[in-house]
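# Geometric and topological summary
Here are the chains, one letter per residue:
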Amino acid sequence: MALLAFLIGFAVRAARVPPNDVLKQAWMQARSTVEPPTFLKPRVHDRSGVRLADPDAMQDGVTLLTSTWKGPEGWSPRIRLINRAGDVLHEWRIDETALFADSLDLSRKHYLHGSHLLPNGDVLFNVEHGGTARVDACGNVKWRLPIGTHHSIDRAADGSFWVSDLTQSLRRTSSAYPDGYPGLEAAYFDRLTRISPEGQVLQTIGVLDILYGSDLARYVSKAYISGQQESPESDLPGTDPTHLNDVEPLPPSMADEYPLFEAGDLLVSLRNVHLVFVLDPETETVKWHASEPFIMQHDPDFIGDGWIGVFDNNRDFTERGTVQGGTRIIGIQPHTDSTRKLFPTPQSERPF
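Attention in this report is confined to the structure presented alongside it. Being a predicted model, the structure only gives us computed values, none of them experimental.

On to the overall build of the chain, then. Counting its secondary structure elements, the chain contains 5 helices and 19 strands. Taken over 352 residues, the chain has a buried fraction of 43%. Look at the contacts in the chain between residues 6 or more apart in sequence, and 48% of them connect residues 24 or more apart. Per element, the accessible surface of the chain, about 19,600 Å² overall, is 53% carbon and sulfur.

Next comes the structure, spelled out in structure tokens:
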């Protein structure tokens, strides 16, 4: 009887048939009572020593943080505004379950992922795969948009916002590819979504449509490795073939510094295919792309003088990056095809 029960349970989990989803949700809720519902990890190094204050070497202004902190009521997601000394100047507490009760999948972890602070104190933020909301400085909700947004929010020159987005159910086809994408099974499809200041969806661009329509589908094969590492039991490349993690428009004030691009062009990062590209959102034309020298990168930025800074996870699937040396920041200048390492530097590297 014990062997039979084990085999039935194994079959339910492997085939993902009922009651697998109910059991998974119950397991996730049970786990959340004994561990923080976040991706926070204990710090690796416990260092202390001399600290020299050098205000001229620091960025002016204040810093916005999104994370999960533990308080008297337990763990909860919050947004904090801190000064250069680390003092909390203001805090927004977010009840993500109440805010997006109609769109959250309780079997998955949820946290604040992507934010944008406006001059008047309003904050836009994403609850991972639950939606985007705008609250004022007192935390009052101005609007909510229950779609699959995640990772990033960046403001365009016209006041609209480009947000990383994801379908909230598995799909096989799109209007551009009604017979499906060659080589792919059902998956969650990443989208570049433009939202108005009032919370209305203005434009949606399918990431897989861009890759397959721009002769870049060859990069999807790189997701096979990522898919197997992240979810060995899934059909390769898994249900997350691209893993969009940033979409950022080129500001008009910087456009002259980038000869290959125009103001409003979008800088896009796809982690699982190790690809960064710049897209014209009106024609949906890819103007430039690169997949070297980074691995599973995040957060590319236009940093001036024609350069794009890329946070390179440089992931080698070891515990502490012993093969590749750990994360770094890479600079790429598309119009000269130049690459350089921005961080770490010889001055920042210290023996552990």
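Before going further, it helps to examine the sheet that holds strand 13 (residues 266-270). Overall, antiparallel pairing links the 4 strands, which are arranged 12-13-14-15 in an open sheet. Edge positions in the sheet fall to strand 12 (244-249) and strand 15 (285-290), since each has one partner strand and no second. Each neighbouring strand pair of the sheet contributes to a mean axis angle of 20°, computed without reference to strand direction. Taken together, the 5 bridges between strand 13 and strand 14 (residues 275-280) define a ladder with antiparallel strand orientation. Within the sheet, the bridge partner assigned to Val-268 lies in strand 14 and is Phe-277.

Summarising burial for strand 13: 5 of the 5 residues are buried, a large majority. Burial along strand 13 is two-sided: the face carrying Leu-266, Val-268 and Leu-270 and the face carrying Leu-267 and Ser-269 are both buried. Here strand 12 pairs with strand 13 via 5 bridges, running antiparallel. Within strand 13, the position partnered with Asp-246 by the bridge is Ser-269. Taking the residues that link successive antiparallel strands as the turn, the strand 13-strand 14 hairpin has 4 residues, and the phi of His-274 there is positive, at about 55°.

Turning our attention to the packing of aromatic side chains. What the rule picks out here adds up to 7 aromatic pairs. Ring geometry for Tyr-177 against Tyr-181: centres 5.1 Å apart, planes inclined by 35°, an arrangement best described as tilted. On the basis of relative accessibility, which here comes to 21%, the residue Tyr-177 falls in the partly exposed class. Centre to centre, the rings of Tyr-181 and Tyr-212 are 5.1 Å apart; their planes meet at 45°, and the pair counts as tilted. Of this pair, Tyr-181 sits in the loop between strand 9 (161-166) and strand 10 (190-195) while Tyr-212 is found in helix 4 (residues 207-213), placing the two residues 31 residues apart along the sequence. The pair Tyr-181 / Tyr-212 is uniform in exposure class, with both members buried. Among the aromatic residues, ring-to-ring pairing joins Tyr-177, Tyr-181, Phe-189 and Tyr-212 into one connected group. The ring of Trp-69 is capped by Arg-80, whose NZ or CZ atom sits 4.2 Å from the centre of that ring. Of note, Arg-340 hangs over the ring of Trp-307, and the distance from its end group to the ring centre comes to 4.1 Å.

Turning to the nonpolar core, a few remarks are in order. Counting 27 residues, the largest nonpolar core has Leu-192, Leu-211, Val-268, Leu-270 and Phe-277 as the members making the most contacts within it. When residues in this core are grouped by element, the largest group, 5 residues, is from helix 4. Excluding anything up to four places from it in sequence, Val-268 contacts Leu-192, Leu-244, Asp-246, Val-247, Leu-275, Val-276 and Phe-277. If you look at the next biggest cluster of nonpolar residues, it comprises 16 residues, including Leu-250, Ala-255, Phe-261 and Val-278.

Another aspect to go through is the pairing of strand 10. Where a strand is regular, its side chains alternate between the two sheet faces. Summarising burial for strand 10: 6 of the 6 residues are buried, a large majority. With 6 bridges joining them, strand 9 and strand 10 adopt antiparallel strand pairing. What sits directly across from Phe-161, in strand 10, is Ile-195. One ladder, built from 5 bridges, connects strand 10 with strand 11 (residues 201-206); its direction is antiparallel.

The next thing to look at is the environment of Cys-138. Relative to the assigned elements, Cys-138 resides in the loop between strand 6 (131-135) and strand 7 (141-145). Between the alpha carbons of Cys-138 and Asp-122 there is a distance of 8.7 Å; along the sequence they are 16 residues apart.

This brings us to the sheet that holds strand 11. Read from one edge of the open sheet, 4 strands run 8-9-10-11, paired in antiparallel fashion. The sheet is open, and its two borders are formed by strand 8 (153-155) and strand 11, each paired with just one other strand. Mean inter-strand twist for the sheet, computed between neighbouring axes without regard to direction, equals 25°.

Now for the pattern of salt bridges. The final tally for this structure, using the stated rule, is 10 salt bridges. A network of salt bridges, in which partner residues are shared, links Arg-78, Arg-80 and Glu-91.

The next point concerns the environment of Gly-331. Relative to the helices and strands, Gly-331 is located in strand 18 (residues 328-333). Residue Gly-331 is classed as buried on the basis of its relative accessible area of 0%. A C-alpha to C-alpha distance of 6.1 Å links Gly-331 and Leu-342, two positions 11 residues apart in sequence.

Following Glu-292, the chain continues into Pro-293 via a peptide bond in cis, with omega recorded as 5°. Tracing the backbone shows Pro-293 in the loop between strand 15 and strand 16 (298-304). Residue Pro-344 is bonded to the preceding Phe-343 through a cis peptide linkage, with omega at 5°. Counting through the fold element by element, Pro-344 comes out in the segment after strand 19 (338-343). Positive phi, close to 55°, is recorded for His-274, a residue that is not glycine. We classify His-274 as buried; its relative accessible area is 11%. With a phi angle near 55°, Asp-337 is a residue other than glycine that sits in the positive phi range. Take Asp-337: it is sitting in the loop between strand 18 and strand 19.

Conventions we followed
Residues numbered from 1 in each chain as written. Predicted model: local features only at pLDDT ≥ 70, side-chain atom pairs only at ≥ 80, totals over all residues. Heavy atoms only, no water. Helix = DSSP H or I, 4+ residues; strand = E, 2+ residues; numbered from the N terminus. Buried < 20%, exposed > 50% of the residue type's maximum accessible area, 1.4 Å probe, protein only. Contact = heavy atoms within 4.5 Å. Areas by Shrake-Rupley, 256 points an atom, 1.4 Å probe, with all protein chains shown as cover. Pairing = 2+ DSSP bridges. Axes fitted to C-alpha atoms, helices over the stretch in contact; angles between N-to-C directions. Phe/Tyr/Trp six-rings, centres within 6.5 Å; stacked < 30°, edge-to-face > 60°. Lys NZ or Arg CZ within 6 Å of the ring centre and 35° of its normal. Core = buried A, V, L, I, M, F, W, Y, C linked by side-chain atoms within 4.5 Å. Salt bridge = Lys/Arg side-chain N within 4 Å of Asp/Glu carboxyl O.

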